[in-house]
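# Descriptive analysis of the structure
Below, each chain spelled out in residue letters.
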Amino acid sequence: MSRLFTITTVSSFLLLAACGSDTTGPGEAGDWLPLTVNNWWITNTSGCFTETKGDTTGTWSGTFDVRITDVVQHTGGFSVYKQRAFRSITTTTPDTSWTAVDTLYAYFQKTDEELRCYDDTTTLQYDVWLRFPVTLGDTWMKTDSSQIELEVTSLSATVTVPAGTFENCIVVQETAPIGSGFSVTDHYYHRGVGQVQNLFSMDGMSGIIKLDSYNIL
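Rules used in this analysis
- Residues numbered from 1 in each chain as written.
- Predicted model: local features only at pLDDT ≥ 70, side-chain atom pairs only at ≥ 80, totals over all residues.
- Heavy atoms only, no water.
- Core = buried A, V, L, I, M, F, W, Y, C linked by side-chain atoms within 4.5 Å.
- Buried < 20%, exposed > 50% of the residue type's maximum accessible area, 1.4 Å probe, protein only.
- Contact = heavy atoms within 4.5 Å.
- Helix = DSSP H or I, 4+ residues; strand = E, 2+ residues; numbered from the N terminus.
- Pairing = 2+ DSSP bridges.
- Axes fitted to C-alpha atoms, helices over the stretch in contact; angles between N-to-C directions.
- Phe/Tyr/Trp six-rings, centres within 6.5 Å; stacked < 30°, edge-to-face > 60°.
- pLDDT = per-residue confidence, 0-100.

Note that soluble globular proteins tend to have their nonpolar side chains buried in a common cluster. The biggest cluster of nonpolar side chains holds 41 residues, and the ones touching the most others in it are Phe108, Leu115, Leu130, Val172 and Val196. Those residues within four positions of Phe108 in sequence are excluded, and the remaining contacts are Leu33, Leu35, Val80, Tyr81, Gln83, Leu115, Arg116, Cys117 and Trp129.

Counting buried positions along strand S10 (residues 181-190) gives seven out of 10 residues, so the element sits mostly inside the fold. Pairing of strand S9 (residues 164-178) with S10, which is carried by nine bridges, proceeds in the antiparallel orientation. The residue bridging Val172 from the neighbouring strand is His187, located in S10. Connecting S9 to the antiparallel partner S10 that follows it, the hairpin turn spans two residues, and Gly179 within it adopts a positive phi of roughly 60°. Counting the residues in the hairpin turn of S10 and strand S11 (residues 194-202) gives three residues, including Gly192, whose phi is positive at 85°.

Okay, the sheet that holds strand S1 (residues 40-50) next. Pairing within the open sheet is antiparallel, and its 12 strands lie in the order S6-S5-S4-S3-S2-S1-S12-S11-S10-S9-S8-S7. Two strands lie at the open edges of the sheet, namely strand S6 (127-131) and strand S7 (139-141), each paired on one side alone. Recorded for the sheet is a direction-independent mean angle of 25° between the axes of neighbouring strands. The sheet contact formed by S1 and strand S2 (residues 57-74) spans 11 bridges and is antiparallel. Paired with Cys48 across the strands is Thr59, a residue of S2.

A separate point is the packing of aromatic side chains. Throughout the structure, instances matching the rule amount to four aromatic pairs. Judged by centre distance (5.5 Å) and plane angle (40°), the ring pair of Phe78 and Tyr118 falls under tilted. Pair noted here: Phe78 is in strand S3 (residues 78-92) and Tyr118 is in strand S5 (residues 114-118), with a separation of 40 residues, a long-range link. Across the pair, exposure class does not vary: Phe78 and Tyr118 are buried alike.

A few words now on the confidence of the model for the protein chain. Averaged over every residue, the pLDDT of the protein chain is 87; the share at 70 or more is 84%. Here helix H1 (residues 3-17) is the element of the protein chain with the lowest mean pLDDT, 43, and strand S8 (residues 149-161) is the one with the highest, 98.

Right, dumping it as structure tokens:
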């Protein structure tokens, strides 16, 4: 497996990720991703991969430091929350090891119907992370033109991560075509906290992202 392929594939998985006290019912919009300036989340990630031919294996591990830094104006005429994520990922194979460090940005808008994620403040196309009300069995496409499907598979999952044990999490399963197969990512959200865990799998690769610590204002 080439270094470029490994970085690209692992990064694609980690970008799916990305990252309570609200007393409203599970069918209402709630605060599944609290959008307030200076909210922050620190997560750790780890995983493993095997080349299709099976003669190269490797692992990765690292951290994300994610923060809502600002409210900015989108050229479409509405406000979005700017999220900055510092990412440091170390990939190790039997022959070598390397670390990739970079900064990612995303821009969120929460409407009565959807939690939307924009790549920038000029493009009108967006990813739909959640649809409201959150309903068991609800499905939608990530964008109007994509083949990536999301489905709410649970409203009552329990997750234990370094940041604590979180009950009554919703699980949103994301299925994306990759080559001749599919990748599957389970996103676990806790009301009032945000994403607390992500589980990823595809042919020859699997990984996890866990919440280490967070601060919600």
